[in-house]
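Structural overview for review
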Amino acid sequence: MNIDWLNTVWATILSGGPIMVALLLLAFLLYRNVIGLFLFTNRLDARSVFMEQSQDQSRGAIQDFRDHLAQLVRTQLTYANVLIVAAPLLGLLGTVIGMLDTFKGIGAEAGQDTTKAVADGVKVALITTQTGLMIAIFGLFLTQLISRIYRSKDLQLLELEIETLKRKLPQ
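Residues numbered from 1 in each chain as written. Predicted model: local features only at pLDDT ≥ 70, side-chain atom pairs only at ≥ 80, totals over all residues. Heavy atoms only, no water.

Further remarks concern helix 2 (residues 18–43). For helix 2, which comprises 26 residues, the first-to-last C-alpha distance of 38 Å matches the rise-based estimate of 38 Å (1.5 Å per residue) to within 8%. Looking only at helix 2, the buried set comprises Ile19, Met20, Leu23, Leu26, Ala27, Leu30, Tyr31, Asn33, Val34, Leu37 and Thr41. (Helix = DSSP H or I, 4+ residues; strand = E, 2+ residues; numbered from the N terminus. Expected span 1.5 Å × (residues − 1). Buried < 20%, exposed > 50% of the residue type's maximum accessible area, 1.4 Å probe, protein only.)

Looking now at the environment of Ala46. Structurally, the position occupied by Ala46 is in helix 3 (residues 46–53). Sequence separation between Ala46 and Phe65 is 19 residues; the distance between their C-alpha atoms is 9.2 Å. Setting aside residues no more than four positions away along its own chain, Ala46 makes contact with Phe65, Lys153, Gln156 and Leu157. (Contact = heavy atoms within 4.5 Å.)

Judged by side-chain polarity, Val85, Leu89, Leu92, Val96, Met99, Leu100, Phe103, Ile106, Val122 and Leu126 come together as a nonpolar surface patch covering roughly 930 Å² of accessible area. Every element with two or more residues in the nonpolar patch is listed here: helix 4 (59–108) and helix 5 (112–168). When residues in the nonpolar patch are grouped by element, the largest group, eight residues, is from helix 4. As for its placement among the helices and strands, Val85 is situated in helix 4. (Patch = residues over 30% accessible without salt bridge, like charges linked within 9 Å, V, L, I, M, F, W, Y side chains within 5 Å. Areas by Shrake-Rupley, 256 points an atom, 1.4 Å probe, with all protein chains shown as cover. Salt bridge = Lys/Arg side-chain N within 4 Å of Asp/Glu carboxyl O.)

The next subject is the pattern of salt bridges. Applying the stated rule across the entire model yields two salt bridges. For Arg66, the salt bridge goes to Glu161, with nearest N and O atoms at 3.2 Å. Here the residue Arg66 occupies a position in helix 4, and Glu161 occupies one in helix 5, the gap between them amounting to 95 residues. Like Arg66, the residue Glu161 is buried in the burial classification. Taken together, the shared-partner salt bridges in this structure form one network comprising Arg66, Asp154 and Glu161.

Next up on the list: the environment of Val96. One can find Val96 in helix 4. For Val96, a relative accessible area of 43% gives the class partly exposed. Along the sequence, Val96 and His68 sit 28 residues apart, while their C-alpha atoms lie 43 Å from each other.

All right, on to the confidence of the model for the chain then. Looking at the chain as a whole, the pLDDT averages 85, with 92% of positions reaching at least 70. The lowest-confidence element of the chain is helix 3, averaging 73 in pLDDT; the highest-confidence one is helix 2, averaging 94. (pLDDT = per-residue confidence, 0-100.)

Further remarks concern helix 1 (residues 4–15). Taking 1.5 Å per residue as the helical rise, helix 1 with its twelve residues ought to reach 16 Å, and the 16 Å between its terminal C-alpha atoms agrees with that figure. Remark: Gly17 follows helix 1 within two positions and exhibits a positive phi of approximately 80°.

The biggest cluster of nonpolar side chains holds 31 residues, and the ones touching the most others in it are Leu30, Phe50, Leu69, Val73, Ile135 and Leu157. Ranked by residue count, the leading element in this core is helix 4, at eleven residues. When sequence neighbours within four positions are dropped, the list of residues in contact with Val73 reads Leu37, Thr41 and Tyr150. (Core = buried A, V, L, I, M, F, W, Y, C linked by side-chain atoms within 4.5 Å.)

Our next topic: the environment of Val34. In this structure, Val34 sits in helix 2. Each C-alpha atom, one on Val34 and one on Glu163, is 32 Å from the other, the two residues being 129 residues apart in sequence. Once residues lying within four places of it in the same chain are set aside, the contact partners of Val34 are Ala80, Leu142, Thr143 and Ile146.

Following this line, the structure appears as structure tokens:
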């Protein structure tokens, strides 16, 4: 089994400095949350779940179920959005750290060592920025997909609520 790609990834992480560890942790938390929420919302047949769980299929019970589901999804999406916003900010922090190293290298005036110090500082700055942006961009796509799926599930429940109202109206 060829693991050269794993060595390349690990070298990139190490070259990004300590901010990369924070970005990896943030990415883990974000994608664990978002993928779990995606699987939950995608597999959820809201109408069937409500019909199986509820003895009371009145409009109020449906509304309570919709409210509970909305609160659950909204809470998880808020958590994901906080992490999405934090990713580019951590990347920016890595940029600042890398640029400080770059300026320190420029100030050293040690010939060949100056060039290496400047290159290493720029490398840290670019890797952390890129990583933070990539984490945020993919996270945004996934949260928008989850929002779309959730709205369709909520629509199923709203249709059930309308059916319930129609049954109660005199014909």
